[in-house]
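Below, each chain spelled out in residue letters.
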Amino acid sequence: MPTAVAVTSADLALPAQDERTMPAIVLRDLDRRPLDHALTEVHALIEQFGHLVVLCSHATPEPVVRRLHTLRSLLESDRIALFRPALPPLGIAVLARQLRQLASCELSPGVLASAGRLLTHYIHAGAVLGSVARLDRVPVGLKAHARSWVPGSQFAVLAHPEPQLVKIAPGATLKGPEFGTWMLVAKGQLQTDWVTGLAKTWAVQGLREAPLPAESAQWWGTGRVVEFCSYLGDLSVLYQLVTSVRQSSCHWCGFDVIGDRCVFCSAVPPEYGPPAPHAPGRAASGRQGGAGRRRSAGEAGGAGGPDGGAGARRDALEPPRRLTGTEPRRALEPRTPA
(Lines give C-alpha, C1' and ligand atoms only; values in the text may rest on other atoms or scores of the structure.)
Protein backbone atom coordinates (compact mmCIF):
# COMPACT_ATOMS: atom_id res chain seq x y z
CA MET A 1 0.00 0.00 0.00
CA PRO A 2 1.69 3.28 -1.10
CA THR A 3 2.02 6.14 1.36
CA ALA A 4 -0.14 9.18 0.55
CA VAL A 5 1.62 12.54 -0.02
CA ALA A 6 -0.55 15.62 0.45
CA VAL A 7 -0.23 19.38 0.11
CA THR A 8 -2.41 22.18 1.46
CA SER A 9 -3.35 23.98 -1.78
CA ALA A 10 -3.99 22.99 -5.38
CA ASP A 11 -1.19 25.16 -6.79
CA LEU A 12 1.34 23.02 -4.87
CA ALA A 13 0.13 19.85 -6.62
CA LEU A 14 2.27 19.74 -9.75
CA PRO A 15 1.45 17.52 -12.73
CA ALA A 16 2.96 14.04 -12.70
CA GLN A 17 6.65 13.88 -13.65
CA ASP A 18 6.29 10.41 -15.18
CA GLU A 19 3.79 7.60 -15.50
CA ARG A 20 4.72 6.16 -12.07
CA THR A 21 4.10 9.37 -10.12
CA MET A 22 1.31 8.92 -7.57
CA PRO A 23 -1.68 11.27 -7.85
CA ALA A 24 -1.59 14.46 -5.84
CA ILE A 25 -3.74 14.78 -2.72
CA VAL A 26 -4.88 18.29 -1.81
CA LEU A 27 -6.24 19.14 1.64
CA ARG A 28 -8.22 22.20 0.59
CA ASP A 29 -9.38 25.05 2.81
CA LEU A 30 -8.60 23.32 6.07
CA ASP A 31 -9.00 26.54 8.04
CA ARG A 32 -12.42 27.35 6.53
CA ARG A 33 -14.11 23.97 6.44
CA PRO A 34 -15.94 22.46 9.42
CA LEU A 35 -13.64 20.44 11.63
CA ASP A 36 -15.68 17.26 11.32
CA HIS A 37 -15.50 17.40 7.51
CA ALA A 38 -11.72 17.71 7.54
CA LEU A 39 -11.49 14.97 10.17
CA THR A 40 -13.53 12.61 8.02
CA GLU A 41 -11.37 13.31 4.97
CA VAL A 42 -8.06 12.71 6.73
CA HIS A 43 -9.36 9.58 8.45
CA ALA A 44 -10.48 8.19 5.08
CA LEU A 45 -7.01 8.86 3.62
CA ILE A 46 -5.35 6.97 6.45
CA GLU A 47 -7.74 4.06 6.03
CA GLN A 48 -7.10 3.99 2.28
CA PHE A 49 -3.32 4.49 2.19
CA GLY A 50 -2.19 3.51 5.67
CA HIS A 51 0.07 6.55 6.20
CA LEU A 52 -0.07 10.22 5.24
CA VAL A 53 2.76 12.73 4.72
CA VAL A 54 1.63 16.37 4.53
CA LEU A 55 3.96 19.08 3.21
CA CYS A 56 3.48 22.80 3.74
CA SER A 57 5.71 25.87 3.60
CA HIS A 58 6.58 28.46 6.22
CA ALA A 59 4.24 30.82 4.33
CA THR A 60 1.26 28.53 4.89
CA PRO A 61 -1.31 30.39 7.00
CA GLU A 62 -1.01 29.55 10.67
CA PRO A 63 -4.70 28.58 10.98
CA VAL A 64 -4.05 25.84 8.41
CA VAL A 65 -1.00 24.59 10.32
CA ARG A 66 -2.94 24.60 13.61
CA ARG A 67 -5.77 22.67 11.98
CA LEU A 68 -3.29 20.02 10.78
CA HIS A 69 -1.96 19.56 14.31
CA THR A 70 -5.52 19.46 15.64
CA LEU A 71 -6.49 16.72 13.19
CA ARG A 72 -3.44 14.67 14.10
CA SER A 73 -4.21 15.02 17.81
CA LEU A 74 -7.90 14.17 17.48
CA LEU A 75 -7.16 11.08 15.43
CA GLU A 76 -4.50 10.06 17.98
CA SER A 77 -2.58 8.65 15.06
CA ASP A 78 1.14 8.14 14.63
CA ARG A 79 0.56 7.53 10.92
CA ILE A 80 0.42 11.24 9.99
CA ALA A 81 3.68 13.11 9.32
CA LEU A 82 3.69 16.91 9.06
CA PHE A 83 6.74 18.15 7.17
CA ARG A 84 7.53 21.88 6.88
CA PRO A 85 10.98 22.32 5.32
CA ALA A 86 12.65 25.70 4.83
CA LEU A 87 11.90 25.83 1.10
CA PRO A 88 9.99 28.44 -0.92
CA PRO A 89 6.51 27.40 -2.06
CA LEU A 90 7.66 26.26 -5.52
CA GLY A 91 10.35 24.15 -3.86
CA ILE A 92 7.69 22.60 -1.61
CA ALA A 93 5.66 21.68 -4.70
CA VAL A 94 8.71 20.10 -6.35
CA LEU A 95 9.63 18.15 -3.21
CA ALA A 96 6.06 16.89 -2.86
CA ARG A 97 6.16 15.60 -6.44
CA GLN A 98 9.48 13.86 -5.81
CA LEU A 99 7.95 12.06 -2.82
CA ARG A 100 4.97 11.15 -4.99
CA GLN A 101 7.42 9.59 -7.44
CA LEU A 102 9.13 7.61 -4.68
CA ALA A 103 5.79 6.53 -3.24
CA SER A 104 5.46 4.14 -6.17
CA CYS A 105 8.59 2.31 -5.02
CA GLU A 106 8.84 -0.22 -2.22
CA LEU A 107 9.85 2.24 0.52
CA SER A 108 8.49 2.08 4.04
CA PRO A 109 6.46 5.09 5.27
CA GLY A 110 9.22 6.21 7.62
CA VAL A 111 11.90 6.07 4.94
CA LEU A 112 9.69 7.90 2.43
CA ALA A 113 8.88 10.67 4.92
CA SER A 114 12.49 11.16 6.00
CA ALA A 115 13.57 11.08 2.34
CA GLY A 116 12.07 14.55 2.14
CA ARG A 117 14.75 15.84 4.51
CA LEU A 118 17.44 14.25 2.35
CA LEU A 119 16.14 15.51 -1.00
CA THR A 120 15.91 19.12 0.17
CA HIS A 121 19.72 19.25 0.00
CA TYR A 122 19.55 18.67 -3.77
CA ILE A 123 16.96 21.36 -4.50
CA HIS A 124 18.13 24.81 -5.60
CA ALA A 125 15.28 27.25 -5.08
CA GLY A 126 15.31 30.98 -5.76
CA ALA A 127 13.59 33.86 -7.50
CA VAL A 128 14.04 37.08 -9.42
CA LEU A 129 12.52 39.92 -7.38
CA GLY A 130 11.57 43.47 -8.20
CA SER A 131 12.29 44.47 -4.60
CA VAL A 132 14.04 43.02 -1.55
CA ALA A 133 12.72 45.62 0.87
CA ARG A 134 10.47 43.07 2.60
CA LEU A 135 12.58 39.97 2.04
CA ASP A 136 13.39 38.33 5.38
CA ARG A 137 14.20 34.78 4.26
CA VAL A 138 17.68 35.68 2.99
CA PRO A 139 20.17 38.14 4.53
CA VAL A 140 19.86 41.48 2.71
CA GLY A 141 22.48 44.19 3.08
CA LEU A 142 21.76 47.88 3.49
CA LYS A 143 22.99 48.65 -0.03
CA ALA A 144 20.58 46.12 -1.56
CA HIS A 145 17.72 47.63 0.47
CA ALA A 146 18.59 51.06 -0.87
CA ARG A 147 18.78 49.81 -4.45
CA SER A 148 15.28 48.36 -4.09
CA TRP A 149 13.90 51.88 -4.28
CA VAL A 150 15.55 52.55 -7.65
CA PRO A 151 12.93 52.10 -10.41
CA GLY A 152 13.58 49.09 -12.60
CA SER A 153 15.95 47.35 -10.20
CA GLN A 154 15.81 43.56 -10.13
CA PHE A 155 17.54 41.09 -7.86
CA ALA A 156 18.36 37.40 -8.21
CA VAL A 157 18.03 35.50 -4.96
CA LEU A 158 18.86 31.90 -4.10
CA ALA A 159 17.19 30.87 -0.87
CA HIS A 160 18.26 27.24 -0.76
CA PRO A 161 20.60 25.44 -0.23
CA GLU A 162 22.95 28.41 0.37
CA PRO A 163 21.58 31.98 0.48
CA GLN A 164 22.81 34.22 -2.35
CA LEU A 165 21.71 37.64 -3.54
CA VAL A 166 22.97 39.63 -6.53
CA LYS A 167 21.67 42.65 -8.36
CA ILE A 168 20.83 41.72 -11.91
CA ALA A 169 23.39 43.23 -14.27
CA PRO A 170 25.41 41.98 -17.24
CA GLY A 171 27.43 38.98 -16.12
CA ALA A 172 25.54 38.50 -12.84
CA THR A 173 24.75 34.90 -11.97
CA LEU A 174 24.13 32.54 -9.07
CA LYS A 175 26.10 29.47 -8.04
CA GLY A 176 24.07 26.45 -9.07
CA PRO A 177 24.11 22.66 -8.79
CA GLU A 178 27.08 20.62 -9.90
CA PHE A 179 24.92 17.80 -11.24
CA GLY A 180 22.28 17.45 -13.93
CA THR A 181 18.88 18.89 -13.04
CA TRP A 182 15.63 20.09 -14.48
CA MET A 183 14.31 23.59 -13.83
CA LEU A 184 10.78 24.73 -13.07
CA VAL A 185 9.78 28.39 -13.44
CA ALA A 186 6.68 30.15 -12.07
CA LYS A 187 6.08 33.70 -13.26
CA GLY A 188 4.36 36.37 -11.19
CA GLN A 189 3.92 40.08 -11.88
CA LEU A 190 7.55 40.63 -12.89
CA GLN A 191 8.64 40.60 -16.53
CA THR A 192 12.14 39.19 -17.04
CA ASP A 193 14.00 36.66 -19.17
CA TRP A 194 16.96 36.43 -16.79
CA VAL A 195 15.95 32.96 -15.58
CA THR A 196 16.28 31.58 -19.11
CA GLY A 197 19.91 32.68 -19.16
CA LEU A 198 20.44 31.18 -15.71
CA ALA A 199 19.08 27.86 -16.94
CA LYS A 200 21.72 27.84 -19.69
CA THR A 201 24.44 28.70 -17.20
CA TRP A 202 23.36 25.84 -14.95
CA ALA A 203 23.12 23.52 -17.99
CA VAL A 204 19.72 22.18 -16.97
CA GLN A 205 18.26 19.20 -18.80
CA GLY A 206 15.02 21.01 -19.51
CA LEU A 207 12.97 24.06 -18.57
CA ARG A 208 9.28 23.92 -17.68
CA GLU A 209 6.72 26.42 -16.42
CA ALA A 210 4.11 26.18 -13.69
CA PRO A 211 1.60 28.60 -12.11
CA LEU A 212 3.01 30.73 -9.31
CA PRO A 213 1.84 29.39 -5.91
CA ALA A 214 -0.38 31.78 -3.98
CA GLU A 215 1.98 31.63 -0.99
CA SER A 216 4.98 32.83 -3.01
CA ALA A 217 4.17 36.55 -2.68
CA GLN A 218 4.20 36.31 1.10
CA TRP A 219 7.28 34.10 1.22
CA TRP A 220 9.34 36.44 -0.98
CA GLY A 221 7.84 39.65 0.37
CA THR A 222 6.59 40.88 -3.02
CA GLY A 223 4.27 39.88 -5.84
CA ARG A 224 6.83 41.09 -8.39
CA VAL A 225 8.54 37.75 -8.55
CA VAL A 226 9.59 35.01 -10.95
CA GLU A 227 10.27 31.91 -8.89
CA PHE A 228 12.52 29.08 -10.09
CA CYS A 229 13.62 25.72 -8.77
CA SER A 230 16.09 23.15 -10.08
CA TYR A 231 15.64 19.55 -9.05
CA LEU A 232 16.38 15.90 -9.79
CA GLY A 233 13.58 14.59 -11.97
CA ASP A 234 14.69 11.03 -12.71
CA LEU A 235 13.07 8.45 -10.44
CA SER A 236 16.07 6.11 -10.69
CA VAL A 237 18.40 8.82 -9.35
CA LEU A 238 16.01 9.69 -6.51
CA TYR A 239 15.70 6.03 -5.55
CA GLN A 240 19.47 5.56 -5.66
CA LEU A 241 19.99 8.52 -3.34
CA VAL A 242 17.44 7.38 -0.78
CA THR A 243 18.41 3.72 -0.69
CA SER A 244 22.14 4.52 -0.42
CA VAL A 245 21.63 6.03 3.07
CA ARG A 246 21.79 3.66 6.04
CA GLN A 247 18.44 2.95 7.65
CA SER A 248 17.73 2.67 11.36
CA SER A 249 14.66 2.30 13.57
CA CYS A 250 13.15 5.20 15.47
CA HIS A 251 13.58 4.44 19.17
CA TRP A 252 10.22 6.09 19.94
CA CYS A 253 7.69 5.00 17.29
CA GLY A 254 9.58 2.14 15.65
CA PHE A 255 9.46 3.42 12.05
CA ASP A 256 12.39 2.72 9.75
CA VAL A 257 14.05 6.08 9.04
CA ILE A 258 17.08 7.56 7.35
CA GLY A 259 18.96 10.37 9.02
CA ASP A 260 18.84 11.51 12.61
CA ARG A 261 15.19 12.56 12.99
CA CYS A 262 11.88 10.77 12.52
CA VAL A 263 9.40 12.87 10.56
CA PHE A 264 6.40 11.10 12.09
CA CYS A 265 7.22 11.73 15.77
CA SER A 266 10.15 14.21 15.54
CA ALA A 267 12.24 12.02 17.84
CA VAL A 268 16.03 12.02 17.58
CA PRO A 269 18.29 9.20 18.77
CA PRO A 270 19.06 9.47 22.48
CA GLU A 271 22.58 10.42 23.46
CA TYR A 272 24.18 8.52 26.28
CA GLY A 273 27.08 10.11 28.09
CA PRO A 274 29.82 8.30 30.00
CA PRO A 275 28.84 7.02 33.48
CA ALA A 276 29.43 9.46 36.30
CA PRO A 277 32.61 8.69 38.34
CA HIS A 278 32.18 7.46 41.90
CA ALA A 279 32.62 10.10 44.58
CA PRO A 280 35.94 9.75 46.45
CA GLY A 281 35.85 8.61 50.04
CA ARG A 282 32.80 6.40 49.64
CA ALA A 283 32.88 3.11 51.41
CA ALA A 284 33.29 0.23 49.02
CA SER A 285 31.15 -1.99 51.19
CA GLY A 286 27.92 -1.65 53.09
CA ARG A 287 24.28 -1.35 52.14
CA GLN A 288 24.59 1.89 50.17
CA GLY A 289 27.80 0.85 48.44
CA GLY A 290 26.33 -2.48 47.40
CA ALA A 291 23.22 -0.81 46.02
CA GLY A 292 25.37 1.65 44.14
CA ARG A 293 27.37 -1.17 42.63
CA ARG A 294 24.22 -2.99 41.65
CA ARG A 295 22.82 0.15 40.03
CA SER A 296 26.07 0.73 38.15
CA ALA A 297 26.08 -2.85 36.92
CA GLY A 298 22.47 -2.56 35.83
CA GLU A 299 23.15 0.66 33.96
CA ALA A 300 26.25 -0.75 32.30
CA GLY A 301 24.24 -3.64 30.92
CA GLY A 302 21.29 -1.54 29.82
CA ALA A 303 20.62 0.83 26.94
CA GLY A 304 23.48 3.07 27.98
CA GLY A 305 26.07 0.57 26.81
CA PRO A 306 28.17 1.21 23.71
CA ASP A 307 25.94 -0.98 21.53
CA GLY A 308 22.60 -0.46 23.23
CA GLY A 309 21.76 3.13 22.24
CA ALA A 310 20.32 4.46 19.03
CA GLY A 311 22.96 7.18 19.19
CA ALA A 312 25.48 4.63 17.90
CA ARG A 313 23.40 4.43 14.72
CA ARG A 314 23.22 8.16 14.13
CA ASP A 315 23.52 8.88 10.47
CA ALA A 316 22.92 12.62 9.95
CA LEU A 317 21.82 13.94 6.58
CA GLU A 318 24.03 17.02 6.69
CA PRO A 319 26.19 17.67 4.78
CA PRO A 320 24.61 15.95 1.77
CA ARG A 321 26.44 13.36 -0.18
CA ARG A 322 27.97 14.97 -3.27
CA LEU A 323 26.82 13.61 -6.60
CA THR A 324 30.03 14.22 -8.53
CA GLY A 325 33.09 12.10 -8.93
CA THR A 326 31.95 8.76 -7.48
CA GLU A 327 28.80 7.81 -9.32
CA PRO A 328 28.58 6.88 -13.00
CA ARG A 329 27.76 9.92 -15.07
CA ARG A 330 24.88 8.04 -16.63
CA ALA A 331 23.19 7.76 -13.21
CA LEU A 332 23.57 11.46 -12.50
CA GLU A 333 21.94 12.76 -15.65
CA PRO A 334 18.17 12.33 -15.35
CA ARG A 335 16.40 10.88 -18.29
CA THR A 336 13.87 13.04 -20.06
CA PRO A 337 10.64 12.48 -18.10
CA ALA A 338 7.67 11.14 -20.00
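As a reminder, the structure under discussion sits directly above these lines.
The structure presented is a predicted model; accordingly, all values stated were derived computationally and were not measured.

Visitor: Give me the lowdown on the side chain of Glu 227, citing residues and values where you can.
Guide: By secondary structure assignment, the location of Glu 227 is in strand 10 (residues 225-231). In this structure Glu 227 is buried but unpaired, with Arg 137 as the nearest side chain of opposite charge at 10 Å. Looking at Glu 227, its side chain comes within polar contact range of the main-chain nitrogen of Leu 90, at 3.1 Å. Polar side-chain contacts of Glu 227 include one of 2.6 Å to the side chain of Ser 216.

Visitor: An account of the packing of aromatic side chains is needed here, citing residue identities and associated values.
Guide: In this description, a pair of aromatic rings is defined by centroid distance and the angle of the planes. In this structure the tally under the stated criterion is 3 aromatic pairs. With a centroid separation of 5.8 Å and 65° between ring planes, the pair formed by Tyr 122 and Phe 179 is classed as edge-to-face. Separated by 57 residues along the polypeptide, Tyr 122 in the loop between helix 4 (109-119) and strand 5 (124-129) and Phe 179 in the loop between strand 7 (164-167) and strand 8 (182-187) bring together distant segments of the chain. What makes Tyr 122 buried here is its relative accessible area of 3%.

Visitor: So, the nonpolar core: which residues are in play, and what are the values?
Guide: Ranked by internal contacts, the top residues of the largest apolar core, which has 52 residues, are Leu 55, Leu 102 and Val 242. Of all the elements, helix 3 (residues 89-102) adds the most residues to this core, at 8 residues. Beyond its immediate sequence surroundings of up to four residues, Val 242 is in contact with Leu 102, Leu 107, Val 111, Ala 115, Leu 118 and Ile 258. Ranked by size, the runner-up nonpolar core spans 17 residues in total, among them Ala 6, Val 42, Ile 46 and Leu 68.

The rules we used
Residues numbered from 1 in each chain as written. Predicted model: local features only at pLDDT ≥ 70, side-chain atom pairs only at ≥ 80, totals over all residues. Heavy atoms only, no water. Helix = DSSP H or I, 4+ residues; strand = E, 2+ residues; numbered from the N terminus. Buried < 20%, exposed > 50% of the residue type's maximum accessible area, 1.4 Å probe, protein only. Lys, Arg positive; Asp, Glu negative; His and termini not counted. Salt bridge = Lys/Arg side-chain N within 4 Å of Asp/Glu carboxyl O. Polar contact = N/O pair within 3.5 Å; in protein donor to acceptor, adjacent residues only side chain to side chain. Phe/Tyr/Trp six-rings, centres within 6.5 Å; stacked < 30°, edge-to-face > 60°. Core = buried A, V, L, I, M, F, W, Y, C linked by side-chain atoms within 4.5 Å. Contact = heavy atoms within 4.5 Å.

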